[in-house]
Amino acid sequence: APPAVQRSFVLLAIAVSVLLAWRLAWVCDDAFISFRYADNLAHGRGLVWNPGERVEGFTNFLWTIVLAGAIRLGLDPVQSSVVLGLVALAATLLAMHRLRARILPDGWRGAFPLAVVALAVHHTFAAFGTSGLETMLAAGLALWAVERVVAGQVFLGSLLGVLATMAHPDHGILWFALGCALAVNPEKRKQVLRYALPLLVVYLPYFLARFAYYGYPWPNTYYAKSGGGMYFSQGLRYW
């Protein structure tokens, strides 16, 4: 199909997905943890659940900071989370379209954008287009990270991967995997140092600031779920 026809299909798929997500719109009870932390931060009480008690009871720093900005602007965090989720959903589908165009062989680039359409109408994908949580923001950042690395913009791709990790720590696995993919490719091995820069200039200062503020290297949920142990068996299963 001509590029204009493909773009029309993609835009239609994005519109349908956003509409489906809007019809399925919901807000998870866990999201109110982030709302409370964001509210306290926006009103000068610190990034805390209770003023004066520094406990990191969330695992979505970037999302919480974005919500704090919305509250500071006078917006409702619940409504803001829904709108931001829908925007992130559209951006994620756009990333899928861009990535698909980059990895398909030349003879297939005019094919019907099946991957985009299939993802757009996937019930679980649409359901987590809202939820009040960072799910779609982190997924979108992660997919754009892959797309930018494939496009040769390794610094930007790495930065997006770092931001995805700051939105939810699990995405650090993706960031590491992308770096490994560069390292084992003889033609791209020289880009590894550039890829590592966002880790050093963005994530490391963030990590050290968190540690200084809360006194622990990991969020409180890690210690609550691991029960004091390293929980290697579950980690290996997840890996």
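Up top you'll find the structure we're talking about.
*Asks:* Looking at this model, I keep getting lost on the overall build of the protein chain. Mind explaining?
*Replies:* Assigned secondary structure in the protein chain consists of 12 helices and zero strands. Listed by position from the N terminus, the elements making up the protein chain come as α-α-α-α-α-α-α-α-α-α-α-α. Computed over its C-alpha atoms, the radius of gyration of the protein chain comes to 19 Å, within 12% of the 18 Å expected for a compact globule of 239 residues. Counting every position in the protein chain, which comprises 239 residues, the buried fraction comes to 38%. Summarising the internal contacts of the protein chain: among those between residues at least 6 apart in sequence, 66% fall at separations of at least 24. A total of about 13200 Å² of accessible surface is found on the protein chain, and carbon and sulfur atoms cover 69% of it. With 18 positive and 11 negative side-chain charges, the protein chain shows a spacing of 10 Å between the two charge centroids.

*Asks:* Mind showing me how you'd approach the packing of helix α3 (residues 61-72) against helix α4 (residues 77-103) here?
*Replies:* Running from amino to carboxyl end, α3 crosses α4 at an angle of 125°, the nearest separation of the two axes being 10 Å. Accordingly, the angle class assigned to the pair α3 and α4 is oblique. When you trace α3 past α4, the crossing you get is right-handed. Taken together, the residues of α4 that come into contact with α3 (itself represented by W63, V66, L67, A70 and I71) are P77, S80, S81, L84 and G85.

*Asks:* Is there a simple way to think about the nonpolar core in this case?
*Replies:* Most often, soluble globular proteins keep nonpolar side chains buried together rather than apart. One finds M166 and Y195 to be the most contacted residues of the largest nonpolar core, which totals 44 residues. Once residues lying within four places of it in the same chain are set aside, the contact partners of M166 are N60, F61, L62, V202, Y203 and Y206. Listed in part, the 10 residues of the second largest apolar core include A31, F35, A68 and L133.

*Asks:* Please explain the packing of aromatic side chains as it appears in this structure.
*Replies:* Ring pairs (aromatic) are described by centroid distance and by the angle formed between their planes. What the rule picks out here adds up to 15 aromatic pairs. For the ring pair Y213 and Y214, a centre distance of 4.8 Å and an interplane angle of 85° mean the geometry is edge-to-face. A relative accessible area of 25% places Y213 in the partly exposed class. A connected cluster of aromatic rings, assembled from ring pairs, spans Y37, W49, F58, Y213 and Y214. Positioned above the aromatic ring of W49 is the side chain of R36, whose terminal nitrogen or guanidinium carbon lies 4.3 Å from the ring centre.

*Asks:* Honestly, the environment of V18 in this entry has me stumped. Any pointers?
*Replies:* By the element assignment, V18 lies in helix α1 (residues 3-23). Under the relative-accessibility criterion, V18 is labelled partly exposed at 24%. Along the primary structure V18 and G129 are separated by 111 residues, whereas in three dimensions their C-alpha atoms are 7.8 Å apart. In contact with V18, not counting residues within four places along its chain, are L86, L89 and A90.

*Asks:* Help me understand the packing of α1 against α4, please; the structure alone is not making it clear to me.
*Replies:* When two helices pack together, their arrangement is given by the angle between their axes and by how far apart the axes lie. At their nearest, the axes of α1 and α4 sit 10 Å apart, and the two run at 150° to each other. Here α1 is positioned roughly antiparallel relative to α4, judged by the angle of their axes. Handedness of the α1/α4 crossing: right-handed. In this structure, α1 contributes Q6, V10, A13, I14, S17, V18, A21 and W22 to the contact, and α4 contributes V82, L86, L89, A90, L93, L94, H97 and R100. The residue inventory of the contact of α1 with α4, partitioned by class, reads 12 nonpolar, three polar and one charged.

*Asks:* I'm lost on a nonpolar patch on the surface in this one. Help?
*Replies:* Judged by side-chain polarity, F155, L197, L200, V201, L204 and L208 come together as a nonpolar surface patch covering roughly 530 Å² of accessible area. Here the nonpolar patch takes five residues from helix α10 (residues 192-214), the largest share from any one element. Note that V201 resides in helix α10. Using a relative accessible area of 52% as the deciding quantity, one classes V201 as exposed.

*Asks:* Would you mind going over helix α9 (residues 172-183) with me for this structure?
*Replies:* An α-helical turn contains 3.6 residues, so a residue and the one three or four places further along point in the same direction. Between its terminal C-alpha atoms α9 stretches 17 Å, which fits the 16 Å expected from 12 residues at 1.5 Å a residue. Within α9, the full set of buried residues consists of W175, L178, G179 and L182. Down the axis, α9 shows its buried residues gathered within 100° of arc, on one side only.

*Asks:* Is there a simple way to explain helix α8 (residues 154-167) in this structure?
*Replies:* Between its terminal C-alpha atoms α8 stretches 20 Å, which fits the 20 Å expected from 14 residues at 1.5 Å a residue. Of all 14 residues in α8, 10 are buried; the element is thus mostly enclosed. When α8 is considered as a whole, its buried residues turn out to be V154, G157, S158, L160, G161, V162, A164, T165, M166 and A167. Elements that come into contact with the buried residues of α8 comprise α3, α7 (135-150), α9 and α10.

Criteria and thresholds
The residue numbering used here restarts from 1 in each chain and proceeds along that chain's sequence as written. The predicted nature of this model means local features are confined to residues of pLDDT at least 70 and side-chain atom pairs, given and counted, to a pLDDT of 80 or more, with totals for whole chains, interfaces and linings taken over all residues. Hydrogen atoms and water are omitted, and side-chain values are computed over all heavy atoms in the structure. In this text, helices come from DSSP runs of H or I with a minimum length of four residues, and strands from runs of E with a minimum of two, each type numbered from the N-terminal end. Here the radius of gyration uses the C-alpha set of atoms, whereas the globule reference equals 2.2 Å times the residue count to the power 0.38. For the exposure calls, accessible area comes from a 1.4 Å probe over protein chains only, and a residue counts as buried if that area is under 20% of its type's maximum, exposed if over 50%, partly exposed in between. What makes two residues a contact is simply this: any of their non-hydrogen atoms within 4.5 Å. Residue exposure ignores everything except the shown protein chains as possible cover, and the areas themselves are Shrake-Rupley values with a 1.4 Å probe. Under the convention used here, Asp and Glu are negative, Lys and Arg are positive, and both His and the chain ends fall outside the count. Where a charge lies is defined by one atom per residue type, namely NZ (Lys), CZ (Arg), CG (Asp) and CD (Glu). Angles shown run from 0 to 180 degrees and are taken between the N-to-C directions of axes, each axis being a line fitted to C-alpha atoms and, for helices, limited to the stretch in contact. If an angle is under 35 degrees, it is roughly parallel; if it is over 145, roughly antiparallel; if it lies from 65 to 115, roughly perpendicular; otherwise it is oblique. Each crossing gets its hand from how the near helix is turned against the far one by less than a right angle, where anticlockwise is left-handed and clockwise is right-handed. In this text, buried Ala, Val, Leu, Ile, Met, Phe, Trp, Tyr and Cys residues form a nonpolar core when linked through side-chain atoms within 4.5 Å. Working definition: a ring pair exists when centres of Phe, Tyr or Trp rings (six-membered ring for Trp) sit within 6.5 Å. Plane angles under 30 degrees give stacked, over 60 give edge-to-face, the rest tilted. A positively charged side chain is recorded as over a ring if its NZ (Lys) or CZ (Arg) lies within 6 Å of the ring centre. The angle to the ring normal must also be within 35 degrees. Residues are sorted three ways: Asp, Glu, Lys and Arg are charged, Ala, Val, Leu, Ile, Met, Phe, Trp, Tyr, Cys and Pro are nonpolar, and all the rest, Gly among them, are polar. Each patch groups residues whose relative accessible area exceeds 30% and which form no salt bridge, using 9 Å between like charges and 5 Å between nonpolar side chains of Val, Leu, Ile, Met, Phe, Trp and Tyr. Here, a salt bridge means any Lys or Arg side-chain nitrogen found within 4 Å of an Asp or Glu carboxyl oxygen. The span expected for a helix works out to 1.5 Å for each residue beyond the first. Summarising the geometry, the arc corresponds to the directions from the helix axis toward the C-beta atoms.

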